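Coordinates in review
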Amino acid sequence: MQLPSSERVILQLLVGKGPCYGLELVTSSRGALKRGGIYVTLGRMEEKGLVSSATGESGRRLYKPTALGERALAAAHVFSGRIKLGAKA
Amino acid sequence: MSSRNGFAGLLLPDETSRRAFEETLADWREEASQATSAGRSLRCHVSGATATLRVIAGIALAQGRTATVGRIIGRTLLLAALTGLSWAAIIMPLVRDAQLSRGIDPWLYGLVLAAQTTTVAFSCFLAAGVGLRRAQKLPMFGAVAFAVLVMGLAAMVLAPLTAEFYRQSLAAAQAAGLTVPPLVRLSFANRLSRVAAAVTFLVLGEAIRRRFQDRVHYAAAQGLALSAALGISLLGLPLRLLIASEAKGLSTRMTWMTAEAWFELAVTWSLTFALLRTRNQTREPGTLNPAP
């Protein structure tokens, strides 16, 4: 599965920080994610089964990675590592 | 009224788009409520509005890439162009001599007539939902973006044609005192009203089809939407004919024509909102909730 950079950033943040709200992800990404696109990306990722969401205490949607999302992130790390190794060789 | 119905449901028919839109608005509200100073509040509103516009643009872009929008716009444009050309072919022989005697090139008249009719027909066929299947919801933002693009391009093609037509009409009528700037302004207002008509008819047509598709055959619902759009387009025709015979200057005539176009838009929006407000008249048995 090919992981676009925005989806990869979201998965990295969700795996690293735990469940987050959309706006939290934007703030934590330090400019890598934009407010206008975050929910469209999260919706797409939910359709793919990479993240799941539930309504949190504040009434807002709280997002967390699924097992598939975590595996996709791990695979993306391995893949990019191989590319870097290939470039060095 | 739930967000699935009403205006929001009409504009954002799919769950993903609606949720993205609603969450962005909720972020905007949350940030604005937490702002401690006027400057910070202003910044929140600016970034909230920008984010909302970006969401709309993103949804329009995603929907615009779908085959559904391509099919709707392609078929609507083809039908509209055929209508425009046919209408010009019918009318041209009837008015050819009259235009020649006024010193207007009949071919130019024919071209302007075909192009004008195409733009009106395009709006009406958009209302009918040509290329859309039963129970298929219109990807509204994508269709609106393409409709505006098509009408904008049509306006660019029409602008030099109509300018030349007005120049010849002016020369024929020897209308003194009408300078170029008001003519350009009036022409621009007229084109803008046609672009707005395309968008409003698109929304009106979807509202009519959704309202009636469960009660009548889908083709009948499409016919009803087309009839409503045609009816509204022709609403001001008697008034226009009266003005054409009474008003002396082209400027006065064009001002009235533009006012008439905006009046038609007001009627369209009123009808759309009336349809959406009365959408769920049937209630779920045993409850006060609207039927699903």
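**A short note on the overall build of chain B**
Within chain B, the secondary structure is distributed over 10 helices and 0 strands. The helix and strand sequence of chain B, counted from the amino end, reads α-α-α-α-α-α-α-α-α-α. In chain B, buried positions account for 30% of the 292 residues. Across chain B, the fraction of contacts at a sequence separation of at least 24, relative to all contacts at a separation of at least 6, is 78%.

**Thoughts on the interface of chain B and chain A**
Counting residues at the interface gives 14 residues for chain B and 12 residues for chain A. Counting only elements with at least two residues in the side of chain B that touches chain A, the list comes to helix 2 (15-34) and helix 3 (38-64) of chain B. Residue classes in the side of chain B that touches chain A are distributed as 5 nonpolar, 5 polar and 4 charged.

**Considerations on the environment of Pro93(B)**
The residue Pro93(B) is located in helix 4 (residues 67-101) in this model. Put simply, Pro93(B) and Pro106(B) are 13 residues apart on the chain and 9.3 Å apart in space, counted from C-alpha to C-alpha.

**Some thoughts on the nonpolar core**
Within soluble globular proteins, side chains that are nonpolar generally end up buried alongside one another. Residue and element names in this part refer to chain B. With 73 residues, the main nonpolar core has Ala-127 and Leu-202 as its most contacted residues. For this core, the element with the highest residue contribution is helix 6 (residues 140-173), accounting for 10 residues. Lining this core are residues from two domains, each supplying at least three of them: domain 1 (6-61) and domain 2 (66-277). Aside from chain neighbours lying at most four places away, what touches Ala-127 is Phe-201, Leu-202, Leu-204, Gly-205, Ala-225, Leu-226, Ala-228 and Ala-229. Of all hydrophobic cores here, the second largest spans 6 residues; its members include Tyr-109, Leu-113, Ala-114 and Tyr-166.

**Section: the packing of helix 1 (residues 5-17) of chain A against helix 3 (residues 35-48) of chain A**
All names here are of chain A. Interaxial distance between helix 1 and helix 3 falls to 10 Å at its minimum, and their mutual angle equals 80°. When the axis of helix 1 is compared with that of helix 3, the two are roughly perpendicular. Counted together, Ser-6, Glu-7 and Ile-10 of helix 1 and Thr-41, Leu-42 and Met-45 of helix 3 form the full contact between these two elements. Within the contact of helix 1 with helix 3, the residues separate by chemical class into 3 nonpolar, 2 polar and 1 charged.

**Examining the pairing of strand 3 (residues 61-65) of chain A**
Residue and element names in this part refer to chain A. Judged from the 2 bridges that link them, strand 1 (residues 20-21) and strand 3 form a sheet pairing that is antiparallel. Directly across from Tyr-21, in strand 3, lies its bridge partner Leu-62. As defined by bridge partners, strand 2 (residues 51-55) adjoins strand 3 across 5 bridges and the pair is classed as antiparallel. Its bridge partner being in strand 3, Ser-52 is matched across the sheet by Lys-64. Where strand 2 folds back on strand 3, the antiparallel hairpin that results is connected by 5 residues, among which Gly-59 adopts a positive phi of roughly 90°.

**Some remarks on helix 4 of chain B**
All names here are of chain B. Compared with an ideal rise of 1.5 Å per residue, which puts 35 residues at 51 Å, helix 4 spans 49 Å between its outermost C-alpha atoms and is within 8% of the ideal. The largest bend in helix 4 is about 55°, located at Val-95. Inspection of helix 4 places Val-69, Ile-72, Ile-73, Thr-76, Leu-77, Ala-80 and Gly-84 among the buried residues, and these make up the whole buried set. Among the residues trailing helix 4, Gly-103 stands out with phi positive, at a value near 80°.

**Observations regarding the sheet that holds strand 1 of chain A**
Residues and elements named next belong to chain A. Within the open sheet, the 3 strands sit side by side as 1-3-2. Their pairing is antiparallel. The open sheet has two edge strands with one neighbour each: strand 1 and strand 2. Along the sheet face, helix 1 touches strand 1, strand 2 and strand 3 and points at about 90° away from the line of strand 3.

**What about the environment of Phe212(B)?**
Residues and elements named next belong to chain B. As for its placement among the helices and strands, Phe-212 is situated in helix 7 (residues 180-212). For the pair Phe-212 and Ile-91, spaced 121 residues apart in sequence, the C-alpha separation works out to 35 Å. If sequence neighbours within four positions are ignored, Phe-212 has contacts with Ala-221 and Leu-224.

**Things to note about the domain arrangement of chain B**
Residue and element names in this part refer to chain B. Per the domain assignment, the segments making up chain B are domain 1 (6-61) and domain 2 (66-277). Taken together, the 8 residues of domain 1 in the interface contact 10 residues of domain 2. Those elements that place two or more of their residues in the side of domain 1 that touches domain 2 are helix 1 (6-11) and helix 3. Element by element, the count of residues in the side of domain 1 that touches domain 2 is highest for helix 1, at 4 residues. Tallied by class, residues from the side of domain 1 that touches domain 2 come to 7 nonpolar, 1 polar and no charged.

**Looking at unusual backbone geometry**
Although it is not a glycine, Arg30(A) adopts a positive phi angle of roughly 55°. For Arg30(A), the location among the structural elements is in the loop between helix 2 (22-28) and helix 3.

The rules behind these values
- Residues numbered from 1 in each chain as written.
- Chains lettered and ligands numbered in written order.
- Predicted model: local features only at pLDDT ≥ 70, side-chain atom pairs only at ≥ 80, totals over all residues.
- Helix = DSSP H or I, 4+ residues; strand = E, 2+ residues; numbered from the N terminus.
- Buried ≥ 20, exposed ≤ 12 C-beta atoms within 10 Å, placed from the backbone.
- Contact = placed C-beta atoms within 7 Å.
- Nonpolar A, V, L, I, M, F, W, Y, C, P; charged D, E, K, R; others polar.
- Core = buried A, V, L, I, M, F, W, Y, C linked by C-beta atoms within 7 Å.
- Domains from an automatic or database assignment.
- Axes fitted to C-alpha atoms, helices over the stretch in contact; angles between N-to-C directions.
- Parallel < 35°, antiparallel > 145°, perpendicular 65-115°, else oblique.
- Pairing = 2+ DSSP bridges.
- Expected span 1.5 Å × (residues − 1).
- Bend = angle between axes of the 7 residues up to and from the residue.

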